[in-house]
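Overview (structure and organization)
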Amino acid sequence: MVFSFFQSAHQRACTWKQKERQSKIDSLPALYSTPLSLSEEKTHALSLSQLVSECRSGTIAPSDIIKAYGKKALQAHEVTNCLTDIMFEEALNIPSVVNWGPGVDSEATIHEGVTRERSLLGVPVSIKDTIDIQGHDSTIGFSRNVGRPATSSSAIVRLLQDAGALIHAKTTVPPGLLSVETVSDIFGRTSNPYNPSFTAGASTGGGGAIVASGGSKIEIGTDLAGSVRIPSHFCGLWTLKGTSGRFPSWGCGTSLKGLHSVPIVAAPMAGNLADLKEFWKRVVDCEPWRYDHTCVPLTWRKVDLQDEGRKLKWGVIMEDGTIPPSPACKRALSMVITALKRQGHEVVDFTPPDVSEGLNLGYQLLFSDGGEQIRSSMSPGERLTKISQGVIDLLGLPKFFKKILSFLTRSSDPLSSGLFKIMHKKTVVEDRTNVALSDEYRAEWHKKWTEEGLDFVLTIPYALPAVEHDASEKTTLMSAGYTFLFSLLDYSAGVLPVTFVDKDLDSLPKDFYTSAEYQRFTSIGKTAFTAYDPVRMHGLPVGVQIVGRNFEEEKVLEGMELVETALREQGSVFTNQVKL
């Protein structure tokens, strides 16, 4: 056996970053390691709007809010390993907060650039470790980005700081972001706060863990193929991915820089719908187009579907053609369908333009570089998650070999055969052809949606509840089809939790794996279902996805509220059950 006496650059970067993180934790005042006081518990229980109101009136100091949420953030980190950086004191030293005091907003003189209303004053916000904040690393999970702090802050960070938000932490991501679970050589593995044996999701996995654990009021993540929606589904959270140009995203890093054919957007995650709605509105009211040149100058529009009184039309997509919904996820969707019908809404099966065709186009656009951008970002010896490595390995296989595999599997496994055929580096002409085809695909969706007269599309966010660590290798990246589809379309898409996995209600039939139903599954679906275990998954959250068209963020949020109201009236209320 040969022993190495010298660490590689990758190992040194990982060691240094881990020590830096621990040093910041160790240097915090001792009070952060104590339980929340009664007053801190009361502060922690306040809604987003109440926090702002109490803070602006002078009833609660920003420093008291940081103490409460800082303690919870550290508790969350101890259980889930969700933090990459800590900025508790820094959060209190921004101009909009440092001069805090009773009645400060009524003063005639306000620091230049500070929003007069300080509309997010005192709101604790964590941000994904891909989003630039001046003086801090944005690693994107890669060790080569360690020790390279951003020289300027992203648009969303500047907006939030001007509005008085308390950006107190950065959260974990997998290397390259394209994964369903959050684990990296730099920061280790992030666990689900409901069950440490399961993943919190990805790529905004640390964000899902900290918000579900109460360590942050809002997480700012990014979403390309479900990176805020899947962790929200896994961790029992609320989120809304908007249309590109609606939420400030400039300065949010990615491993696929320059990719515009499938929009990458920043999006918030919250612990309840009221906070999510309030946050979205307040960000838009801050006129994000003044901070981000890519934002559309579209003000917040009042939508009240409940006051209108009309019954809405919901189109249901039950399957994406790759992996059917597991019993737990199907039950959550059925609960929503039943609740909406009892309210008198029209709920119909919706047959959209060929979903498989759209997803295949999306995969080709996503990996048109043949995986080169991700490979070139890795340091020697650095590891991707197994699910990401599988895609990179497939892209790296010789094209002629993939043609042979495609031919051999075309009868027995048409889905895999098709993937072997398309997953290779594209020429410029091939890529532009796919962009044109995706535009045509979007036009087909618009026509179909309009002809059907739909208000919303209703589907699942993911075929399974949260999976055990390393089990995402069985599900592959193709399991993200339910969310990736609506990124390709650039539609507004929200996720909200509905229920929890029940080992009795959500079990598979005893003869399931020998049944005709199972035999009709794709090979990807068959393998994915081997990761489904309702006994071990018992108690994990399960959500649904509500989709509107381009720039219908306000409408989707109202649709989410309609669903919650309908569920509540039939006795189904989701309550966070994380106990730290």
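Thresholds applied
Residues numbered from 1 in each chain as written. Predicted model: local features only at pLDDT ≥ 70, side-chain atom pairs only at ≥ 80, totals over all residues. Heavy atoms only, no water. Patch = residues over 30% accessible without salt bridge, like charges linked within 9 Å, V, L, I, M, F, W, Y side chains within 5 Å. Areas by Shrake-Rupley, 256 points an atom, 1.4 Å probe, with all protein chains shown as cover. Salt bridge = Lys/Arg side-chain N within 4 Å of Asp/Glu carboxyl O. Lys, Arg positive; Asp, Glu negative; His and termini not counted. Charge placed at Lys NZ, Arg CZ, Asp CG, Glu CD. Buried < 20%, exposed > 50% of the residue type's maximum accessible area, 1.4 Å probe, protein only. Pairing = 2+ DSSP bridges. Helix = DSSP H or I, 4+ residues; strand = E, 2+ residues; numbered from the N terminus. Axes fitted to C-alpha atoms, helices over the stretch in contact; angles between N-to-C directions. UniProt positions renumbered as here; feature names shortened; annotations may be inferred. Contact = heavy atoms within 4.5 Å. Parallel < 35°, antiparallel > 145°, perpendicular 65-115°, else oblique. Nonpolar A, V, L, I, M, F, W, Y, C, P; charged D, E, K, R; others polar.

Residues Asp354, Glu357, Glu440 and Glu444 make up a contiguous surface patch of negative charge. Given the relative accessible area of 44%, Asp354 is considered partly exposed.

On to the sheet that holds strand β13 (residues 456–459), then. A sheet is described by the order of its strands in space; here eleven strands give the open sequence β1-β3-β2-β8-β10-β9-β14-β15-β13-β11-β12, paired in mixed fashion. In this open sheet, the two strands that pair with only one neighbour each are β1 (83–86) and β12 (346–349). Going across the sheet, the axis of each strand differs from the next one's by a mean of 25 degrees, ignoring polarity. Note: strand β2 (residues 124–128) against strand β8 (residues 218–223), three bridges, orientation parallel. Residue pairing for β8: Ser126 is matched across the bridge by Glu219.

Moving on to the UniProt feature "active site" (unreviewed entry) in the protein chain. Under the UniProt annotation, "active site" (unreviewed entry) lies at Lys128, Ser203 and Ser227. Across 100 residues, the annotated set stays spatially compact, with a maximum C-alpha separation of 10.7 Å. Residue position: Ser203 is located in the loop between β7 (195–199) and α8 (205–212). You can call Ser203 buried: its relative accessible area is 1%. If we skip the residues at most four places from it in the chain, Ser203 touches Lys128, Thr172, Val173, Pro174, Leu177, Ser179, Thr182 and Ser227.

For the rest of this paragraph, the subject is the pattern of salt bridges. Evaluated as defined, the whole model comprises 24 salt bridges. We note a salt bridge from Asp285 to Lys281, for which the minimum N-O separation is 2.7 Å. Here Lys281 and Asp285 lie together in helix α10 (residues 273–285), a separation of four residues that amounts to about one turn. Take Asp285: its relative accessible area is 42%, and that puts it in the partly exposed class. Glu287 is the salt-bridge partner of Arg290, the closest N and O atoms lying 3.0 Å from each other.

So, about helix α20 (residues 481–488). The element α20 is largely enclosed, with a buried count of eight among its eight residues. Those residues of α20 that sit buried are Gly481, Tyr482, Thr483, Phe484, Leu485, Phe486, Ser487 and Leu488. Of the residues trailing α20, Asp490 is marked for its positive phi of about 60 degrees.

Turning our attention to the side chain of Glu40. Structurally, Glu40 is set in helix α2 (residues 38–44). In this view, Glu40 contacts Pro35, Lys67, Ala68 and Lys71; residues no more than four positions away in its chain are not counted.

Closest axis-to-axis distance for the helix α3 (residues 48–57)/α10 pair is 8 Å, and the angle between their directions is 60 degrees. Classified by the angle between their axes, α3 and α10 sit oblique to one another. Touching Leu48, Ser49 and Val52 of α3 are Asp275, Glu278, Phe279 and Arg282, all from α10. Along the lines of polarity and charge, the residues of the contact of α3 with α10 split into three nonpolar, one polar and three charged.

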